[in-house]
Amino acid sequence: MLSAWWIFSKSSWFGVSPLSSFSMAFNLGNVYLDLGEVSQAERYFKKAIELNPEDAQARVNLALIYQAQGRLEMARYQLEQAVKISPELALAHNNLGDLYRKMGRADLAEQEFQRALELEPELGIAHYNLGLIYKEKQDYEKALAHFKKAYEFAPGNPDTSLQIASVYLKTAQPQKAEQWTKKALAIDSENGRAWYFLALAQKEQGKNQEALDSLEKARAYAPINDQKLKTALEKLAQELKSP
């Protein structure tokens, strides 16, 4: 990975300021983004856009910063500009769709995800996001199809396996839910949510002792600040204790 020092050094060798060269400003933005120095990344992406307003990728990257900071309207503006500048950029359509979904504009989100997949059919994240849209609409058949496509193209993401498991739980197929939850745990054995899903699947099959064992692991690995999961775990514990 390029370092900020390397880019500054190269610019000084050639007598070029990073704030006067698009490529240097853009590369510095990426370096600082990778380092987690968000304010510096934002500064350089803004400068890159000032130097080359027609560069879509700089706008996509700046939008990622805005979205992470909760500045959704500013992120929306940058992404809408990006897809106008480069309508063939599949990731820009995907990111705009993700933003629309978070803003509660599911129909627009669905259109953007579909456009991303028209441009790049193997874009796993777009399949995943489209699966979320269909799951929210309770169209579980379509949701499952897209989650499985996402898994096909990116099998190393435990969240995809868990989304598939969640659909199987919602459609009363606990054996399949258990299988897919175990796929997630094979990738991340300390995933509290995966252990919770496994306990649910086991409970639905009448495997109460196994469910209790999985529940204990879920409690052990549940993130400290995930109150929603902790509440769900307590509810499940009460259900398993009931005769």
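The paragraphs below set out a description of the structure included in this document. Please read all numbers here as calculations on a predicted model, not as lab measurements.

**A few points about the packing of helix α2 (residues 22–35) against helix α4 (residues 56–68)**
In contact at an axis separation of 11 Å, α2 and α4 are set at 30° when each is read in the N-to-C sense. Taken together, the axes of α2 and α4 are roughly parallel relative to one another. Relative to α4, α2 is oriented so that their crossing is left-handed. Across the interface between the two elements, F26, N30 and L33 from α2 touch Q57, A58, N61 and I65 from α4. Partitioning the contact of α2 with α4 into residue classes produces 4 nonpolar, 3 polar and no charged.

**Description of the pattern of salt bridges**
Applying the stated criterion across every chain yields a total of 18 salt bridges. Between D98 and K102 there is a salt bridge whose closest N-O contact spans 3.2 Å. Placement of the pair is D98 and K102 together in helix α6 (residues 90–102), with a separation of 4 residues, close to one helical turn. Among the residues examined, D98 registers a relative accessible area of 15% and is labelled buried. Here K102 falls in the partly exposed class, since its relative accessible area comes to 49%. The salt bridge partner of E118 is R115, with a shortest N-O separation of 3.0 Å.

Criteria and thresholds
- Residues numbered from 1 in each chain as written.
- Predicted model: local features only at pLDDT ≥ 70, side-chain atom pairs only at ≥ 80, totals over all residues.
- Heavy atoms only, no water.
- Axes fitted to C-alpha atoms, helices over the stretch in contact; angles between N-to-C directions.
- Helix = DSSP H or I, 4+ residues; strand = E, 2+ residues; numbered from the N terminus.
- Parallel < 35°, antiparallel > 145°, perpendicular 65-115°, else oblique.
- Left-handed = near helix turned anticlockwise from the far one by under 90°.
- Contact = heavy atoms within 4.5 Å.
- Nonpolar A, V, L, I, M, F, W, Y, C, P; charged D, E, K, R; others polar.
- Salt bridge = Lys/Arg side-chain N within 4 Å of Asp/Glu carboxyl O.
- Buried < 20%, exposed > 50% of the residue type's maximum accessible area, 1.4 Å probe, protein only.

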